[in-house]
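Structure at a glance
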Amino acid sequence: MAATAIRLPRSMALVAARRFSAAPALTATTRRCCIRSPTSAHILSTTTLRFLSNSSSSPAPPSVVEIDGRKYNTDKWFNTPANVIAAASRRLHLQEDHPVAITRQIIESRFPAPTFRYVNSLHPVVSTFQNFDSLGFPPDHPGRARSDTYYVNSDTLLRTHTSAHELETFRANASPGFLLSADVYRRDEVDRTHYPVFHQMEGARVWDRRTEADEKGDLTAAILRDLAKLQEHGIAVEDPNPPFHDETNPRQAPQHSPSEVEALGRHLKRSLELMVVEVFSRAKKAKALAGVETTDEPLRMRWVEAFFPFTSPSWELEVYYEGDWLEVLGCGITKQPILDAAGVPSQMAWAFGIGLDRIAMLLFQITDIRLFWSQDERFLSQFRGVSTDLDKLRQFVPFSKYPACYKDVSFWVGGDGSLHNNDVMEVIRSVAGDVVEDVQLTDSFAHPKTGRQSLCYRINYRSLERTLTNAETNRLHDDVNEALVQRLGVEIR
Ligand code: PHE
């Protein structure tokens, strides 16, 4: 999960912090985008304006909830709807022949055992300590807000990223590297590239001073030896960045020597470039197998400096795709306090995080993220046999697109005049489910006299599986309106 310095693409925000309030207290939060679900939008440099409020979207919580087979006591922090809890036991990343699982397998193939150990069945409920504190997230980090994260109770939540398991996996110290894939959860917008549940893979590789350092205690030579074992890919990658930047992307001095940081950065970057080359060459073959024309345009990649609370220096890898630079992963050199806390202070590590759904969408040309959750044979049958033979990978052929029907809802914000965009999204998704394709805020204004805030949302209803009748859509929309009134206290205009 990302922190400070903002690059917030509308659709990829870690946590799209937008609040509406009659008299909003405006604070500019600095935050970056994260490794999330796909979009063709590239990353824009912008500043998010955060309106402070403390709204809530949940009806009275049950006192105990069961999530993926485990029971939890809730408290007033609970904000996880039933549709999200239901998704917590789906484990798409482990479902044979599912595109998310296939994508995981393709990436794993570039990080072979026994150097890398695969950890793929960690329970989705973690503590705030695991998800945030263990990684050095400050207490006031916006990612902790209830508007952005699904809480079970005040110190228990659905993990928002796989980094939540870094500390414990470093502590297990079972292999020089690990790849950890899991479902992750974020409150966000509703559109074809966002779903409250998606999947990430965390990867890390460690070197140990006690066994691998030279006589001066330095790991440079050991890391360079491992770098020499990695293949070359022969593709020019744009990387104008120095190995580290003392002010903006610092080395962790004095623990890490400049040459160690340079060597580790090179090993990290080459490993990830090789993985991206693998993914995109598989995508190309999949296209050819489906008889889709492919261009001979060479793969273009570039490294940009980044910020994460748990790595330094940090970078993102971007790939040029259909006219845009697309962020595919975040990575960096693990902050030493994490390894110290994990009981392995003699180790130095790199780590990365990548969104699997987003890569799967590119790989298979799947344009609607809801398809991953669909049980429709027309979807699932297209990937049969691929988990056991990745060479059978074939680009997805879309089946019929059913008509969309949009409806607007305009309302006055009620109560204390504050409301979070994600709360509106959540209510709509939890009532209409996967039949909502997209929700857009189309208008917002304050009443000139009363100062009351009016918002208008356009909801696009479209089933992936069939044509919705008019009556059905109207009923659904009425239910959405009623839920907005009941749960958010708005007044329909
Ligand atoms: N957890 C980060 C995210 O979700 C990605 C990341 C993982 C970055 C590991 C650096 C190292 O955005």
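Starting afresh in each chain, residues are numbered from 1 along the sequence in its written order. Local features in this predicted model are restricted to residues of pLDDT 70 or higher, and side-chain atom pairs are both shown and tallied only at a pLDDT of 80 or more, whereas totals for entire chains, interfaces and linings draw on every residue. Derived side-chain values reflect all non-hydrogen atoms in the structure, with water molecules and hydrogen atoms excluded from consideration.

- As recorded in an unreviewed UniProt entry, the chain goes by the name phenylalanine--tRNA ligase, listed as coming from Sporothrix eucalyptigena.
- UniProt positions are given in the numbering used here, feature names are shortened, and annotations may be inferred rather than shown by experiment. The UniProt entry for the chain carries this comment under Sequence similarities (unreviewed entry): "Belongs to the class-II aminoacyl-tRNA synthetase family."
- UniProt annotates the chain under Catalytic activity (unreviewed entry) with the comment "tRNA(Phe) + L-phenylalanine + ATP = L-phenylalanyl-tRNA(Phe) + AMP + diphosphate + H(+)".

**Focus on the overall build of the chain**
- Secondary structure follows DSSP: runs of H or I at least 4 residues long count as helices, runs of E at least 2 residues long count as strands, and numbering of each begins at the N terminus. From N to C terminus, the chain includes twelve helices and 21 strands.
- In this scheme, a residue with accessible area under 20% of its type's maximum is buried, one over 50% is exposed, and one in between is partly exposed, where area comes from a 1.4 Å probe on protein chains only. Taken over 493 residues, the chain has a buried fraction of 58%.
- Whether two residues are in contact is decided by their heavy atoms: any pair within 4.5 Å suffices. The contacts of the chain with a sequence gap of at least 6 include a subset with a gap of at least 24, amounting to 73%.
- In short, Shrake-Rupley with a 1.4 Å probe defines the accessible areas, and a residue's cover is counted only from the protein chains shown. Total accessible area on the chain is roughly 19,700 Å²; 51% of this is exposed by carbon and sulfur atoms.

**Remarks on the pairing of strand S10 (residues 177-185)**
- Among the nine residues of S10, nine are classified as buried, and the element is accordingly described as predominantly covered.
- Sheet topology note: the strand S6 (residues 116-119)/S10 ladder contains four bridges and is parallel. Residue pairing across strands places Phe-116 opposite Gly-177, the latter belonging to S10.
- For two strands to be treated as a pair, DSSP must find no fewer than two bridges joining them. Summarising the sheet, S10 and strand S11 (residues 197-208) pair through nine bridges and their orientation is antiparallel. Note that in S11 the partner of Phe-178 across the bridge is Ala-204.

**Considering the environment of Ser-121**
- Along the chain, Ser-121 falls in the loop between S6 and strand S7 (125-127).
- Counting along the chain gives 60 residues from Ser-121 to Ser-181, while the straight-line C-alpha distance between them is 7.7 Å.

**Some details on the packing of aromatic side chains**
- Aromatic contacts are taken between Phe, Tyr and Trp rings whose centres are within 6.5 Å, Trp giving its six-membered ring; a plane angle under 30 degrees counts as stacked, one over 60 as edge-to-face, and the others as tilted. Going through the model one piece at a time under the given rule, you end up with 20 aromatic pairs.
- Considering the side-chain rings of Phe-111 and Phe-116, the 5.1 Å spacing of their centres and the 70° angle between planes classify their relative orientation as edge-to-face. The residues Phe-111 and Phe-116 share a single accessibility class, namely buried.
- Taking the centre distance of 5.1 Å and the plane angle of 85° together, the rings of Phe-364 and Phe-383 count as edge-to-face. Of this pair, Phe-364 sits in helix H9 (residues 356-364) while Phe-383 sits in the loop between helix H10 (377-380) and strand S17 (405-412), placing them 19 residues apart in sequence. Grouping residues by exposure puts Phe-364 and Phe-383 together as buried.
- Feature note: the residues Phe-364, Phe-372, Phe-379, Phe-383, Phe-396 and Phe-399 constitute an aromatic cluster, connected by ring pairs.

**Quick notes on the nonpolar core**
- Among the nonpolar cores identified, the biggest contains 78 residues, and Met-275, Val-276, Leu-329, Phe-352 and Phe-372 are the most heavily contacted of them.
- For this core, the leading source of residues is helix H7 (residues 258-289), giving twelve residues.
- Not counting chain neighbours up to four residues away, the residues in contact with Phe-352 comprise Phe-111, Leu-179, Met-201, Glu-202, Gly-203, Leu-272, Met-275, Gly-330 and Cys-331. The definition of a nonpolar core used throughout is a set of buried Ala, Val, Leu, Ile, Met, Phe, Trp, Tyr and Cys residues joined through side-chain atoms within 4.5 Å.

**Remarks on the sheet that holds strand S12 (residues 237-238)**
- Strand order in the open sheet formed by eight strands is S6-S10-S11-S16-S15-S14-S13-S12, and the pairing between neighbours is mixed. If you trace the sheet from one side to the other, it starts and ends with S6 and S12, each paired once.
- Where strand S13 (residues 301-308) and strand S14 (residues 311-321) come together, seven bridges link them in antiparallel fashion. Along S14, the bridge assignment pairs Phe-308 with Thr-311.

**Here's the deal with unusual backbone geometry**
- Residue Pro-254 follows Ala-253 across a cis peptide bond; omega there is 5°.
- Mapped onto the elements of the fold, Pro-254 is located in the loop between S12 and H7.
- Here the residue pair Ser-312 and Pro-313 is connected by a cis peptide bond, since its omega of -5° sits within 30 degrees of zero.
- As for its position among the elements, Pro-313 is in strand S14.
- The phi dihedral of Asp-68 falls on the positive side, at around 45°, and the residue is not glycine.
- Mapping Asp-68 onto the fold places it in the loop between strand S4 (64-67) and strand S5 (70-73).

**Regarding the pattern of salt bridges**
- Any Lys or Arg side-chain nitrogen located within 4 Å of an Asp or Glu carboxyl oxygen qualifies as a salt bridge. This structure, assessed with the given rule, holds 25 salt bridges.
- Of the charged contacts, one joins Asp-391 and Arg-282 as a salt bridge, the two residues approaching to 3.0 Å between their closest N and O atoms. Residue Asp-391 is found in the loop between H10 and S17, and its partner Arg-282 is found in helix H7; the two are separated by 109 residues along the sequence.
- What makes Arg-282 buried here is its relative accessible area of 15%.
- Overlapping salt bridges bring together Arg-110, Glu-278, Arg-282 and Asp-391 as one network.

**A short note on the pairing of strand S15 (residues 324-334)**
- Of all eleven residues that make up S15, ten are buried, and the element is covered over most of its length.
- Pairing between S14 and S15: nine bridges, direction antiparallel. Across the sheet, Thr-311 pairs through a bridge with Thr-334, a residue of S15.
- Here S14 folds back onto S15 in antiparallel fashion, the turn holding two residues, of which Glu-322 has a positive phi close to 45°.
- Here S15 runs beside strand S16 (residues 347-355); their pairing, made up of five bridges, is antiparallel.

**A closer look at the environment of Asp-183**
- Looking at where Asp-183 falls in the secondary structure, it is placed in strand S10.
- Judged by its relative accessible area of 4%, Asp-183 is buried.
- Separated by 22 residues in sequence, Asp-183 and His-161 place their C-alpha atoms 8.2 Å apart.
- Here Tyr-185 takes part through its side chain, which lies 2.6 Å from a polar atom of the side chain of Asp-183. We define a polar contact as two N or O atoms separated by no more than 3.5 Å, with the added condition that, inside protein, one atom must be a possible hydrogen donor and the other a possible acceptor, whereas residues neighbouring each other in sequence contribute only through side-chain atom pairs.

**Quick word on the sheet that holds strand S9 (residues 156-158)**
- Taken in spatial order, the three strands of this open sheet run S7-S9-S8, and their pairing is antiparallel. The open sheet has two edge strands, S7 and strand S8 (151-153), and neither has a second partner. Strand-to-strand, the axes of this sheet are offset by a mean angle of 35°, without reference to chain direction.
- Bridge count between S7 and S9: three bridges; the pairing is antiparallel. Throughout, an axis means a line fitted to C-alpha atoms (over the contacting stretch in the case of helices), and angles, computed between N-to-C directions, take values from 0 to 180 degrees.

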